[in-house]
Structure formats: structure tokens, C-alpha cells
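Structural overview for review
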Amino acid sequence: MKLHVKTPAPSVLKVQIFLDECGHALQEVEVSDTRSPAFLKINPFGTVPVLETDSGEMISESLTICRHLHRQWHTGLFGDSEDEQLQVELWERRAELLVYAPAIEYVHQTHPMFVGHVEQHPEWAVVLAVRAQRALAAFNEQLERTLFIVGDSFSVADITAFLGVSAFTAFGAVDLSQYAALSRWAAAVGARPSMERLRALTT
Ligand SMILES: N[C@@H](CCC(=O)N[C@@H](CS)C(=O)NCC(=O)O)C(=O)O
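Predicted, not measured: the structure shown is a model, and the values here were computed from it. (Residues numbered from 1 in each chain as written. Predicted model: local features only at pLDDT ≥ 70, side-chain atom pairs only at ≥ 80, totals over all residues. Heavy atoms only, no water.)

What to know about the packing of helix α5 (residues 122–143) against helix α6 (residues 156–170)
Condition: The convention used is that axes are lines fitted to C-alpha atoms, helices contributing only their stretch in contact, and that angles between N-to-C directions extend from 0 to 180 degrees. Labels follow the DSSP assignment, with helices taken as runs of H or I lasting at least four residues and strands as runs of E lasting at least two, numbered in each case from the N terminus. With respect to orientation, any angle under 35 degrees is reported as roughly parallel, any angle over 145 as roughly antiparallel, any angle of 65 to 115 as roughly perpendicular, and every other angle as oblique. If you view the pair so one helix is near and one far, a crossing is left-handed when the near helix is turned anticlockwise from the far one by less than a right angle, and right-handed when it is turned clockwise. Note on definitions: a residue-residue contact is assigned when non-hydrogen atoms from the two residues lie within 4.5 Å. Polar here means any residue other than Ala, Val, Leu, Ile, Met, Phe, Trp, Tyr, Cys and Pro, which are nonpolar, and Asp, Glu, Lys and Arg, which are charged; Gly is therefore polar.
Running from N to C, α5 and α6 cross one another at 135 degrees; their axes reach a closest spacing of 12 Å. When the interaxial angle is binned, α5 and α6 end up oblique. Like other packed secondary-structure pairs, α5 and α6 cross with a definite hand, here left-handed. Of the residues in α6, those in contact with Leu128, Ala129, Ala132, Leu136 and Phe139 of α5 are Ala161, Val165 and Phe168. A class-by-class count of the residues in the contact of α5 with α6 yields eight nonpolar, no polar and no charged.

Following this line, the structure appears as C-alpha cells:
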């Protein structure tokens, strides 16, 4: 198997963190141009990561890649019991829709690196951050009862949520100080060995 990547890209990081958590490594192919006809044949949506399987199948979408790898390796990162699996899916979706995707959009709307690539509307970025701050209150409430987002086991929900929280906090767009449980969780997750690449980017 090979992983088509572009460094650094948050959705690629999600899979790399997942791999590190599982103790596995994959051969990586650095994509220079996601809009090139050759890459669009691999993924018509022109995004990384893409997992190329040994049978030549191309799987895109970071979470789908993680799930595919989980099927082979039985990682525990998608929950153990059926109830846990349901909770991991529920919280991963909340993390992606309410924190991670808005955080990436926030960066696109405000970072000078994206000037000329996207039409930037900084006032929209402010709305995204305010909404995410509200969503984080609910994550904080959950974390008052649990060690990780779903119970006592680290899962893909933690990976997605942490990537979103890190992007927002790196830009000073959300304030975690009012959320004790979320701050405790962020410190613990951020210190995991699998977060080394992310730490190198944000410190
Ligand atoms: N929902 C997709 C998002 C993929 C995505 O948007 N990838 C970005 C990087 S994070 C990308 O490839 N953008 C085009 C580029 O960087 O050239 C996933 O989770 O894999």
C-alpha cells in the first residue's frame, strides 16, 4: 500500500497520526500538483490523502482510509463494543462538522498563504470561530465525564477534534482557558507521540 500525500496538509496528518497510533508506516508518495491530469485520474476531487491499495484501488477521504486500515488491523481506534463504535462515529462526525472543517475554512479565509487561491472573507472566519467556540462548550461538557471524547479510550474522534482545536488555537481564534476539561484533554492528546508532526508545525 502507498499513501499519496502533500506536506503539510491537515487531512494527510489525520491519516499519519492514525498510522502512528497503530504503530504502522506506509510508503508515501509526495504529490506536487493535485490539479494535474495524472493526479485527477487518481482522485477526481483533486485532494490528498489517497490510499493506493496493493490491488491498485484508490481510496480517498481521510476517515475512509483510516476505516479501511482499521478493517485490516483491528486498531481499536473506532471503538470496541457496538455501542462504543456508535459513539465514536457520532463524536467523530461532530468533531469534523463543528470543529475540524470550520477550522480549516478559518485558515483558508484568513491566512496570507491562501491569498489568490480562495476568495477570502475574514468576517466569515469570525462567524466560524464564534460557532466553533459554542461547539467546544459541548465537547468540554462531554470531557467532564470522560478521559477521552468517547470513554477512556483514545479514538479517531480525538484525532479529528484535536486537529481542529489545534488549528483554531494556533491562530488565537478560540479560547480554551474557560474550558477546564477540554484544556486537560488537549494537553494530554497534544503530548502523545503520534502528535509529533503536528507539534513541529504549531510550536
Ligand atoms: N474530506 C477530505 C478533505 C481532503 C482535502 O481537502 N485535502 C486538502 C489538503 S488538507 C487538499 O488536498 N487540497 C488540495 C491541495 O492541497 O492541493 C479528507 O478528509 O480527505
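Some remarks on the site of the ligand
Put simply, the test is: The criterion for a residue being near a molecule or strand is simple. One of its heavy atoms has to lie within 4 Å of it. Each polar contact in these results corresponds to two N or O atoms within 3.5 Å; when the atoms are within protein, one needs to be able to donate a hydrogen and the other to accept it, and residues that are neighboring in sequence are counted only if both atoms are side-chain atoms. With residues, only the protein chains shown are counted as cover, and all accessible areas are computed by Shrake-Rupley using a 1.4 Å probe.
If you check the shell around the ligand, you find Lys6, Ala9, Pro10, Ser11, Thr34, Gly46, Thr47, Val48, Pro49, Glu61 and Ser62 and nothing else. Contact distances for the ligand include 2.8 Å between a nitrogen atom and a side-chain N or O atom of glutamate 61. Compared with its free state, where it exposes 510 Å², the ligand has 72% of that area covered by protein. In terms of residue class, the shell around the ligand is built from four nonpolar, five polar and two charged.

Quick look at the domain arrangement of the chain
Definition in use: What counts as a domain boundary in this text is fixed by an automatic or database domain assignment. Reported buried area values correspond to the accessible surface (1.4 Å probe) lost by two parts on association, with both partners' losses combined.
As assigned here, the chain comprises domain 1 (2–73) and domain 2 (82–202). One C-alpha centre belongs to domain 1, the other to domain 2; they are set 21 Å apart. Contacts between domain 1 and domain 2 engage 13 residues on the former and 16 residues on the latter. When residues of domain 1 are sorted by the area they lose upon contact with domain 2, Lys14, Ile17 and Glu21 head the list and together hold 42% of the total.

Regarding the side chain of threonine 146
Our working rule: Only protein chains enter the area calculation, which uses a 1.4 Å probe; residues under 20% of their type maximum are buried, those over 50% are exposed, and those in between are partly exposed.
Mapped onto the elements, threonine 146 comes out in the loop between α5 and α6. Assessed through its relative accessible area of 14%, threonine 146 is described here as buried. Of note is the side chain of threonine 146, whose polar atom sits 3.0 Å from the backbone oxygen of glutamine 142. A distance of 2.6 Å separates a polar atom in the side chain of threonine 146 from the backbone oxygen of phenylalanine 148. Leaving out residues up to four positions away in the same chain, threonine 146 has contacts with Gly151 and Arg184.

Details of the UniProt feature "domain: GST N-terminal" (unreviewed entry) in the chain
Rule in force here: UniProt positions are given in the numbering used here, feature names are shortened, and annotations may be inferred rather than shown by experiment.
The UniProt entry lists residues 1–77 under the feature "domain: GST N-terminal" (unreviewed entry), expressed in the numbering used here. Annotated as residues 1–77, this span is 40% helix and 18% strand, and its ends, taken at the C-alpha atoms, are 20 Å apart.

Structural notes on the nonpolar core
Defined as follows: We define a nonpolar core as any set of buried Ala, Val, Leu, Ile, Met, Phe, Trp, Tyr and Cys residues linked to one another through side-chain atoms lying within 4.5 Å.
Core analysis: the biggest nonpolar cluster contains 61 residues, and Ile149, Phe168 and Trp185 have the highest contact counts within it. Counting only elements with at least two residues in this core, the list comes to β1 (2–5), α1 (10–22), β3 (50–52), α3 (62–73), α4 (82–110), α5, α6 and α7 (180–190). Shared between two domains, this core takes at least three residues from each, and those domains are domain 1 (2–73) and domain 2 (82–202). Excluding residues within four positions of it along the chain, tryptophan 185 makes contact with Leu143, Leu147, Phe148, Ile149, Asp158, Ala161, Phe162 and Val165.

Some thoughts on the packing of α1 against α3
One can describe the packing of α1 onto α3 by two numbers: an axis separation of 9 Å at closest approach and a directional angle of 20 degrees. In terms of orientation, α1 and α3 fall into the roughly parallel class. Every pair of crossing elements has a handedness; the one defined by α1 and α3 is right-handed. Residues Ser11, Lys14, Val15, Phe18, Leu19 and Cys22 of α1 pack against Ser62, Ile65, Cys66, Leu69, His70 and Trp73 of α3. Of the residues that constitute the contact of α1 with α3, the class distribution is eight nonpolar, three polar and one charged.

Comments concerning unusual backbone geometry
Here threonine 7 and proline 8 are connected by a cis peptide whose omega angle stands at -15 degrees. Its place among the elements puts proline 8 in the loop between β1 and α1. Residue proline 49 is bonded to the preceding valine 48 through a cis peptide linkage, with omega at 5 degrees. Position of proline 49 relative to the elements: it lies in the loop between α2 (37–42) and β3. In this structure, glutamate 61 takes a positive phi of about 75 degrees despite not being glycine. Looking at where glutamate 61 falls in the secondary structure, it is placed in the loop between β4 (58–60) and α3. One non-glycine residue with positive phi stands out, namely histidine 74, at about 50 degrees. Along the chain, the position of histidine 74 falls in the loop between α3 and α4. A relative accessible area of 65% places histidine 74 in the exposed class.

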